[in-house]
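# Fold and geometry: a report
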Amino acid sequence: MQTGIFGERGAIWGQHGAGVRGGAVAARGHGQLVPRAVAGHVEGRGVLGGLGPAGLQLPLEVRPTSGASGTILTGWLATAAGTTLFFILAAVNRRSKTPLILAGVVFVAVGVVAWTQLDSMQDRFTRATQGGSTDAVGPRIALWKASKTMWDSSPLWGLGPGQFDAQFPQFRPVEIQWRPLAAHNDYLQSLVEWGIIGTGLLFAAFASSLYGVIRFWKYLGRTSNDMGSSTSNRLATTLGVLGALAAIFAHGLVDFNLQVPANAIIVMLLLAILNTYFRHGTNRYWKSNQPVLRVVVTLLVLGTSAFSLPQGIRQTSENLALRKAKDVLRQKQSRETKLAAAEAYKLALSKEPANAQTAYEIGEIYRLLSWEGKDSYREDAAVAIEWFQSGIDI
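Scoring rules and cut-offs
- Residues numbered from 1 in each chain as written.
- Predicted model: local features only at pLDDT ≥ 70, side-chain atom pairs only at ≥ 80, totals over all residues.
- Heavy atoms only, no water.
- Helix = DSSP H or I, 4+ residues; strand = E, 2+ residues; numbered from the N terminus.
- Buried < 20%, exposed > 50% of the residue type's maximum accessible area, 1.4 Å probe, protein only.
- Contact = heavy atoms within 4.5 Å.
- Areas by Shrake-Rupley, 256 points an atom, 1.4 Å probe, with all protein chains shown as cover.
- pLDDT = per-residue confidence, 0-100.
- Expected span 1.5 Å × (residues − 1).
- Salt bridge = Lys/Arg side-chain N within 4 Å of Asp/Glu carboxyl O.
- Polar contact = N/O pair within 3.5 Å; in protein donor to acceptor, adjacent residues only side chain to side chain.
- Axes fitted to C-alpha atoms, helices over the stretch in contact; angles between N-to-C directions.
- Parallel < 35°, antiparallel > 145°, perpendicular 65-115°, else oblique.
- Left-handed = near helix turned anticlockwise from the far one by under 90°.
- Nonpolar A, V, L, I, M, F, W, Y, C, P; charged D, E, K, R; others polar.
- Patch = residues over 30% accessible without salt bridge, like charges linked within 9 Å, V, L, I, M, F, W, Y side chains within 5 Å.
- Core = buried A, V, L, I, M, F, W, Y, C linked by side-chain atoms within 4.5 Å.

## Overview of the overall build of the protein chain
Across its full length, the protein chain holds 12 helices and 2 strands. Going from N to C terminus, the protein chain has its helices and strands arranged as β-β-α-α-α-α-α-α-α-α-α-α-α-α. Split into buried and exposed, the 394 residues of the protein chain put 43% on the buried side. By sequence separation, contacts in the protein chain at least 24 residues apart represent 64% of the contacts at least 6 residues apart. Carbon and sulfur atoms provide 63% of the accessible area of the protein chain, an area that totals close to 20,500 Å².

## Focus on the confidence of the model for the protein chain
The predicted coordinates ought not to be read in detail in places where the model reports low pLDDT. For the protein chain, the mean per-residue pLDDT works out to 74, and 67% of the residues sit at or above 70. Low pLDDT, under 50, characterises residues 1-70; the stretch is placed with 217 contacts to residues that sit more than four places away or in other chains. Note on residues 224-228: pLDDT under 50 across the span, and 3 contacts to partners over four residues away in sequence or across chains.

## Things to note about helix H7 (residues 234-251)
With 18 residues, H7 ought to run about 26 Å at 1.5 Å a step, and its terminal C-alpha atoms sit 26 Å apart, in line with that. A large share of H7 lies buried, amounting to 15 of its 18 residues.

## Here we look at the pattern of salt bridges
By the definition in use, this model includes 9 salt bridges. For Asp327, the salt bridge goes to Arg330, with nearest N and O atoms at 2.5 Å. Judged by its relative accessible area of 36%, Asp327 is partly exposed. The exposure class assigned to Arg330 is exposed, which follows from its relative accessible area of 63%. Between Lys346 and Glu343 there is a salt bridge, with the nearest N and O atoms lying 3.4 Å from each other. Placement of the pair is Lys346 and Glu343 together in helix H10 (residues 335-351), with a separation of 3 residues, close to one helical turn. Take Lys346: its relative accessible area is 27%, and that puts it in the partly exposed class. By sharing partners, the salt bridges in this structure join Lys338, Glu372 and Lys374 into a single network.

## Considerations on the side chain of Lys338
Its place among the elements puts Lys338 in helix H10. What makes Lys338 buried here is its relative accessible area of 11%. Reaching out from Lys338, the side chain makes a polar contact with the side chain of Glu372 at a distance of 2.8 Å. Apart from the residues lying within four places of it in its own chain, the contact partners of Lys338 are Leu329, Gln333, Ile365, Leu368, Leu369 and Glu372.

## Remarks on the packing of H10 against helix H11 (residues 356-371)
Where H10 contacts H11, the axes come no closer than 9 Å and their chain directions differ by 160°. Classified by the interaxial angle, the pair formed by H10 and H11 is roughly antiparallel. The hand of the H10/H11 crossing is left-handed. Residue-level inspection shows Arg335, Lys338, Leu339, Ala341, Ala342, Tyr345, Lys346, Ala348 and Leu349 of H10 in contact with H11, the latter providing Thr358, Ala359, Glu361, Ile362, Ile365, Tyr366, Leu368 and Leu369. Here the contact of H10 with H11 is built from residues that sort into 12 nonpolar, 1 polar and 4 charged.

## So, a nonpolar patch on the surface
Judged by side-chain polarity, Leu156, Trp157, Ile196, Ile197 and Leu201 come together as a nonpolar surface patch covering roughly 530 Å² of accessible area. Overall, Ile197 belongs to the partly exposed group, its relative accessible area being 30%.

## Considering the nonpolar core
Counting residues in each nonpolar core, the largest one holds 17 residues, and the members touching the most others are Tyr345, Leu349, Ile362, Ile365, Tyr366 and Trp387. Listing elements by their share of this core, those giving two or more residues are helix H9 (291-329), H10, H11 and helix H12 (377-393). Here this core takes 6 residues from H10, the largest share from any one element. Discounting chain neighbours no more than four positions away, the residues touching Tyr366 are Leu339, Ala342, Lys346, Asp380, Val383, Ala384 and Trp387. In this structure, Leu245, Leu258, Leu270 and Leu271 belong to the second largest nonpolar core, which totals 15 residues.

## A closer look at the packing of H7 against helix H8 (residues 261-276)
Running from N to C, H7 and H8 cross one another at 150°; their axes reach a closest spacing of 10 Å. Taken together, the axis directions place H7 and H8 in an arrangement best described as roughly antiparallel. Relative to H8, H7 is oriented so that their crossing is left-handed. Within the contact between the two elements, H7 uses Thr237, Thr238, Val241, Leu242, Ala244, Leu245, Ile248 and Phe249 and H8 uses Val267, Leu270, Leu271, Ile273 and Leu274. Its residues assigned to classes, the contact of H7 with H8 comprises 11 nonpolar, 2 polar and no charged.

In structure tokens form, the structure reads like this:
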């Protein structure tokens with residue numbers, strides 16, 4: 001199984017819709033749109049660029065109407081949180097307010113149209129009052145309580161990376177009779193899997209970046225470019241990044257954005273952008289490219305590659321075998337196609353022996369073959385039991 005920095009989800013979590021790109025960096029999965037924000041006094045073009053000579057771009061989070069319905073409402077609420085922070089920070093700047101006001105009007109208008117015209121948003125509110133899935137308020141709260149119980153079982157170190165889905169059946173409440181896959185709360189899931197120590201280390205990095213922004217804030221708007229311009233885009237970019245991070249972290253209260261490596265990579269990229277501006281407030285971060293430093297960096301890159309490359313090759317081979325098995329099962333259902341799919345799953349399991357889900361899929365194929373009642377139904381049932389037990393042992 002693939003385990004990212006924030007959890008076991010693979011490169012892309014396809015259930016949550018396609019990614020988007022609009023003159024910005026986008027994360028496929030939840031469709032986070034992180035534009036190059038411009039804070040009213042900097043000329044720019046992009047999502048809302050062209051509102052006059054000082055074009056304004058906002059930290060919007062775009063949600064496709066297809067995919068998991070639970071992301072639609074929370075996506076808009078997270079967008080509102082991030083954009084509100086953007087406007088508050090941008091309003092502190094006393095320069096050109098007209099683009100800021102125009103952008104605010106546009107944003108409110110888009111929100112009103114979305115609320116009144118998108119059936120998906122109305123349908124999401126309807127499902128929030130019904131049971132049967134984690135989209136509803138009641139089951140979601142029950143899931144969070146169960147997640148809290150999971151964390152209490154190992155508060156300091158957690159249950160281990162990617163262990164939420166595997167360990168959840170032991171803590172399943174009666175209200176949830178399905179597989180939620182995740183805690184639907186980034187912070188709870190981090191505590192469950194990483195404990196206080198691991199979660200503290202993760203969020204210490206976020207806190208240190210925020211501290212750096214506060215410390216060097218006064219240097220962000222100063223002029224210091226080689227083209228002789230009277231303004232700098234450092235403050236503009238910082239405002240956009242902070243707004244985007246606010247949207248992602250707000251959404252993390254009710255979903256699992258950071259459990260998707262694609263989204264986690266975007267967060268790391270945004271934090272890196274913030275950290276690059278620290279060099280404008282102090283000389284501590286200016287380092288000459290000495291031979292010793294080159295050697296150290298080269299060794300770090302080689303070491304990381306030596307560790308990651310074999311895992312990447314193994315996981316790619318596993319994913320190709322899993323995809324082949326699913327493609328075979330989409331064909332005409334027959335004993336031959338099911339056995340071919342089982343062989344593909346066995347190949348995937350040989351690449352990643354720790355994937356209990358693959359063992360379960362093999363057992364399920366033989367269980368269905370046994371239910372067909374052919375002459376070999378006893379043998380098929382025995383094989384199915386063996387594979388199910390193998391999955392339990394994993």
